[in-house]
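Observations on chain architecture
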Amino acid sequence: MTGVNASSIQLATWNVNSLKVRLPHLLQWLETKPVDLLGLQELKLTDENFPVEELAQAGYGAVFAGQKTYNGVAILYKKATMPEPSDVEVNLPSFPDEQKRVIAATFGDLRFISAYVVNGSEVGSDKFEYKKAWLDALLKDCKAWLAQYPKLALVGDYNIAPDDRDVHDPKAWEGQVLCSPEERDRFNTLLGLGLIDSFRLFEQPEKTFSWWDYRMLGFQKNKGLRIDHVLLSNPLAECCTASVIDRAPRKWEKPSDHAPAVATLTRS
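Here the structure is a predicted model, which is why all the values come from computation and not from measurement. (Residues numbered from 1 in each chain as written. Predicted model: local features only at pLDDT ≥ 70, side-chain atom pairs only at ≥ 80, totals over all residues. Heavy atoms only, no water.)

**Overview of the overall build of the protein**
Stated precisely, the cut-off is as follows: Numbering of helices and strands starts at the N terminus; helices are DSSP runs of H or I of at least 4 residues and strands are runs of E of at least 2. The globule rule used here is 2.2 Å times the number of residues to the 0.38 power, and the radius of gyration it is set against is calculated over C-alpha atoms. The buried label goes to any residue with under 20% of its type's maximum accessible area, the exposed label to any with over 50%, and the partly exposed label to all in between, with areas taken from a 1.4 Å probe on protein chains only. By definition, residues are in contact when any of their heavy atoms lie within 4.5 Å. A positive count includes Lys and Arg, and a negative count includes Asp and Glu. His and the chain ends are not counted in either. Each charge is placed at NZ for Lys, CZ for Arg, CG for Asp and CD for Glu.
A tally of helices and strands in the protein yields 6 helices and 14 strands. Computed over C-alpha atoms, the radius of gyration of the protein comes to 17 Å, within 12% of the 18 Å expected from 2.2 N^0.38 for 268 residues, which places it in the range of a compact globule. C-alpha extents for the protein along the principal axes are approximately 45 × 40 × 40 Å. Counting across all 268 residues of the protein, residues that qualify as buried make up 54%. At a minimum sequence separation of 6, the contacts of the protein that also span at least 24 residues come to 70%. Computed over 31 positive and 36 negative side-chain charges, the separation of the two mean positions in the protein equals 3 Å.

Here's what the structure looks like:
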């Protein structure tokens, strides 16, 4: 990876569900897990309130696109190992939208994209139709990105559990939002473009999830879904040596309902 000052780098994604609330958790996690690139989702704050100084003190730069109360995405980069970002782009080129859901930047020869996919509310709703249209635009734009950037990582909260292994109770979730055929088909189409689910490159413990509902002791009973993904283009997947979900922050006081997903890339 041209421009990277390390023999291996870690790429991660984390839906923090309010950066203002979760900033202490983020800083604590980065201290113990100093990943090189981190995509954040659901910032839920405007750009003027983004914690630039606090992150700089922790050794990280950032590009971000905030939004009051909802959405918002960012990319954090470790200054000691990563070049400065270039070609920063906000939102999908083919889908004009007021909602801040995508931010992309290039680091050396690596294109890194943090995405917060639409939730969709429930199958058949207007929000679900919006989700399908948004995903169709993502597919169109991702095809163009892959042609332009051979080394591409598309990370984020996809709000899609790709198959039944990623669901604590497949029967209960069958046909529901996050698990519907329409959503899974689009996820599989994304993989068909040339992206690889880094998590599935390796043997993984059964019932490994990245999101658990706050209600009904969801985390304590491991009633979760794997909806946060690090997808890699072939050149990056070929040097991926590990891909895990770090459950530790979900155990902290007042946590995000998501856990970080982390992939390690090692240069040969």
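**Thoughts on the packing of aromatic side chains**
The criterion, for reference: Two rings from Phe, Tyr or Trp (for Trp, the six-membered ring) form a pair when their centres are within 6.5 Å of each other. A pair whose planes differ by under 30 degrees is stacked, one over 60 is edge-to-face, and the rest are tilted.
Across all of its chains, the model carries 6 aromatic pairs by this definition. On the basis of an interplanar angle of 50 degrees and a centroid distance of 5.5 Å, the ring pair of Tyr77 and Phe107 is categorised as tilted. Here Phe107 lies in strand E6 (residues 102–107) and Tyr77 lies in strand E4 (residues 73–78), a separation of 30 residues in the sequence. Here Tyr77 matches Phe107 in class, with each residue buried.

**Structural notes on the environment of Gln10**
With respect to the secondary-structure elements, Gln10 resides in strand E1 (residues 8–15). In the structure, Gln10 is positioned 219 residues away from His229 in sequence and 14 Å away in space, judged by C-alpha atoms. Residues contacting Gln10, with those up to four places away along its chain left out, are Val35, Asp36, Leu37, Val262, Ala263 and Thr264.

**Observations regarding the sheet that holds strand E9 (residues 195–197)**
Under the convention used in this document: The rule for pairing is simple: two strands pair if DSSP sees at least two bridges between them. Note on method: axes are straight lines fitted to C-alpha atoms, helices fitted across the in-contact stretch only, with angles between N-to-C directions ranging 0 to 180 degrees.
Strands sit in the order E5-E6-E7-E8-E12-E9 across an open sheet of 6 strands; the sheet is mixed. What marks the edges here is a single partner per strand, and that holds for strand E5 (86–90) and E9. On average, each strand axis in the sheet is tilted by 20 degrees relative to the strand beside it, whichever way the strands run. Pairing geometry for strand E8 (residues 152–157) and strand E12 (residues 228–233), over 5 bridges, is antiparallel.

**A short note on the packing of helix H3 (residues 126–148) against helix H5 (residues 181–192)**
Here is the rule: Roughly parallel covers angles under 35 degrees, roughly antiparallel covers those over 145, roughly perpendicular covers 65 to 115, and oblique covers all other angles. Think of it as three bins: nonpolar holds Ala, Val, Leu, Ile, Met, Phe, Trp, Tyr, Cys and Pro, charged holds Asp, Glu, Lys and Arg, and polar takes everything else, Gly as well.
With their axes 10 Å apart at the nearest point, H3 and H5 run at an angle of 10 degrees to one another. As judged from the angle between their axes, H3 and H5 are roughly parallel. Residue-level inspection shows Phe128, Lys131, Lys132, Leu135, Asp136, Leu138, Leu139 and Cys142 of H3 in contact with H5, the latter providing Glu182, Glu183, Arg186, Thr189 and Leu190. Its residues placed into classes, the contact of H3 with H5 shows 6 nonpolar, 1 polar and 6 charged.

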